[in-house]
Amino acid sequence: STIVADTGDIASIRRLKPVDATTNPSLILKAASQPEYEHIIRQGLDSARRQPDARSRLQAAIESIAVGFGVEILQSIPGVVSTEVDARASFDLRATVEQARRVIRRYEQAGIDRDRVLVKIASTWEGIQAARLLEQEGIHCNLTLLFSFAQAQACAEAGVTLISPFVGRILDWYKKSTGQDYTAQQDPGVQSVKRIYDYYKACDYRTVVMAASFRNTGEIVALAGCDKLTISPALLDALAENHAHLDRALSPAAGKLEARQTELTEAG
Ligand code: E4P
């Protein structure tokens, strides 16, 4: 599996040296409160000042700050960064397309090739159709907030670059509604991602599967072999404390082996 850091904290990215990185508005907000990133906030607010009205100033500030973090993150990783801007566009196809185009324009103005950016879009019906159009323009999309098999099927059919099926938020919901604890193997979030991953590979889809929203290292190990895993710095540190786990999570061969073992077990 390719290891991806799920954070806006650029210092952690420099320390952990992941291949790719993912951010979202709450991760950016958390990082933005640290004094070392003040220059990105100041730059974002400056660019917003040029806008004619309050609404477009707010939009420009949010987008410019998210892209500002993305540009700096790209200086510290060899791969791609995922940028998520404003979820209010999630049920509006046209607003999603326009927002993604603006984000990519900002990256290109900063000298970044669009192939190094994934625009995160919620996996609503409108979001998936927006991603279909954006991919045709060469704008790569990461379909996030993906909780179900049906969403994953629709994303693959739309030809999106990458999906982020969530693990932890499914677990959170089950734990809250049943009051039970789950082992990594019983974890409904892990099972959801495994089903999606196996289906994608059986259909030979090119869309990359990046498991996201992890709550513990057991979930990560259970999903070793998935194309990519996006993991918070705290969980990457916890994995590093246990080298056996880390080796297993990093090794595609181990992941394939596990997939084969599951296949054989399921076949009886
Ligand atoms: C990744 O792309 C997601 O933004 C992230 O993993 C969500 O995790 P959460 O459920 O902890 O918010």
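Rules of the game
- Residues numbered from 1 in each chain as written.
- Predicted model: local features only at pLDDT ≥ 70, side-chain atom pairs only at ≥ 80, totals over all residues.
- Helix = DSSP H or I, 4+ residues; strand = E, 2+ residues; numbered from the N terminus.
- Rg over C-alpha atoms; globule rule 2.2 N^0.38 Å.
- Buried ≥ 20, exposed ≤ 12 C-beta atoms within 10 Å, placed from the backbone.
- Pairing = 2+ DSSP bridges.
- Axes fitted to C-alpha atoms, helices over the stretch in contact; angles between N-to-C directions.
- Contact = placed C-beta atoms within 7 Å.
- UniProt positions renumbered as here; feature names shortened; annotations may be inferred.
- Core = buried A, V, L, I, M, F, W, Y, C linked by C-beta atoms within 7 Å.
- Near = placed C-beta within 6 Å.
- Nonpolar A, V, L, I, M, F, W, Y, C, P; charged D, E, K, R; others polar.
- Right-handed = clockwise from strand over helix to strand, strands pointing away.

1. As for the overall build of the protein chain
Line of reasoning, step 1. Within the protein chain one finds 13 helices and eight strands.
Line of reasoning, step 2. At 19 Å, the protein chain has a C-alpha radius of gyration in line with the 18 Å of a compact globule built from 268 residues.
Line of reasoning, step 3. Based on the C-alpha atoms only, the size of the protein chain along its principal axes is roughly 65 × 40 × 40 Å.
Line of reasoning, step 4. Relative to its full complement of 268 residues, the protein chain shows a buried share of 44%.

2. Some points on the sheet that holds strand E3 (residues 81-83)
Line of reasoning, step 1. Taken in spatial order, the eight strands close into a barrel running E1-E2-E3-E4-E5-E6-E7-E8, and their pairing is parallel. Pairs of neighbouring strands in the sheet enclose a mean axial angle of 30°, with direction left out of account.
Line of reasoning, step 2. Bridge analysis of strand E7 (residues 208-211) against strand E8 (residues 228-231) gives two bridges, and the strand direction is parallel. Residue Ala211 lies in a different strand from E8, and its bridge partner there is Leu229.
Line of reasoning, step 3. Of the strands in this sheet, E3 and strand E4 (117-122) are in contact with helix H5 (residues 93-109), which crosses E4 at around 160°.
Line of reasoning, step 4. Relative to E7, helix H9 (residues 188-203) is tilted by about 170°, and along the sheet it contacts strand E6 (162-165) and E7.

3. Some details on the UniProt feature "active site" (unreviewed entry) in the protein chain
Line of reasoning, step 1. This chain's UniProt record puts "active site" (unreviewed entry) on Lys120.
Line of reasoning, step 2. With respect to the element layout, Lys120 can be found in strand E4.
Line of reasoning, step 3. Among the residues examined, Lys120 registers 24 C-beta atoms within 10 Å and is labelled buried.
Line of reasoning, step 4. Ignoring anything within four residues of it in the chain, the contact list for Lys120 reads Asn24, Ser82, Thr83, Glu84, Asn142 and Thr144.

4. Description of the nonpolar core
Line of reasoning, step 1. Formed by 72 residues in total, the largest nonpolar core has its most connected members in Val119 and Cys155.
Line of reasoning, step 2. Sort the elements by how many residues they give to this core and helix H4 (residues 54-74) lands first, with seven residues.
Line of reasoning, step 3. Discounting chain neighbours no more than four positions away, the residues touching Cys155 are Ser123, Ile128, Leu143, Leu146, Val160, Ile163 and Thr207.

5. Thoughts on the site of the ligand
Line of reasoning, step 1. Contacts to the ligand come from Asp6, Thr22, Asn24, Thr144, Ser164, Phe166, Gly168, Arg169, Ala212, Ser213 and Thr230.
Line of reasoning, step 2. Partitioning the shell around the ligand into residue classes produces two nonpolar, seven polar and two charged.

6. Section: the environment of Asp9
Line of reasoning, step 1. Looking at the secondary structure, you find Asp9 in the loop between strand E1 (2-6) and helix H1 (10-16).
Line of reasoning, step 2. Classification of Asp9 as buried rests on a count of 23 C-beta atoms within 10 Å.
Line of reasoning, step 3. Separated by 60 residues in the primary sequence, Asp9 and Phe69 have C-alpha atoms spaced 8.7 Å apart.
Line of reasoning, step 4. Apart from residues lying up to four places away in sequence, Asp9 is in contact with Ala31 and Pro233.

7. Some thoughts on the pairing of E7
Taken residue by residue, a regular strand's side chains alternate between the two faces of the sheet.
Line of reasoning, step 1. With two bridges connecting them, E6 and E7 associate as parallel partners. The residue bridging Ile163 from the neighbouring strand is Val209, located in E7.
Line of reasoning, step 2. Traced from E7 through helix H10 (residues 217-222) to E8, the parallel crossover comes out right-handed.

8. Things to note about the environment of Ala212
Line of reasoning, step 1. The topology assignment puts Ala212 in the loop between E7 and H10.
Line of reasoning, step 2. In this structure, the C-alpha to C-alpha distance between Ala212 and Val193, residues 19 residues apart in sequence, is 9.3 Å.
Line of reasoning, step 3. The residues contacting Ala212, other than those within four sequence positions of it, are Asp6, Ser164, Pro165, Phe166, Val167 and Thr230.

9. Comments concerning the pairing of E8
Line of reasoning, step 1. Here E8 shows no split at all, with Lys228 and Thr230 on one side and Leu229 and Ile231 on the other all buried.
Line of reasoning, step 2. Where E1 meets E8, four bridges bridge the pair, whose relative direction is parallel. Note that in E8 the partner of Ile3 across the bridge is Leu229.

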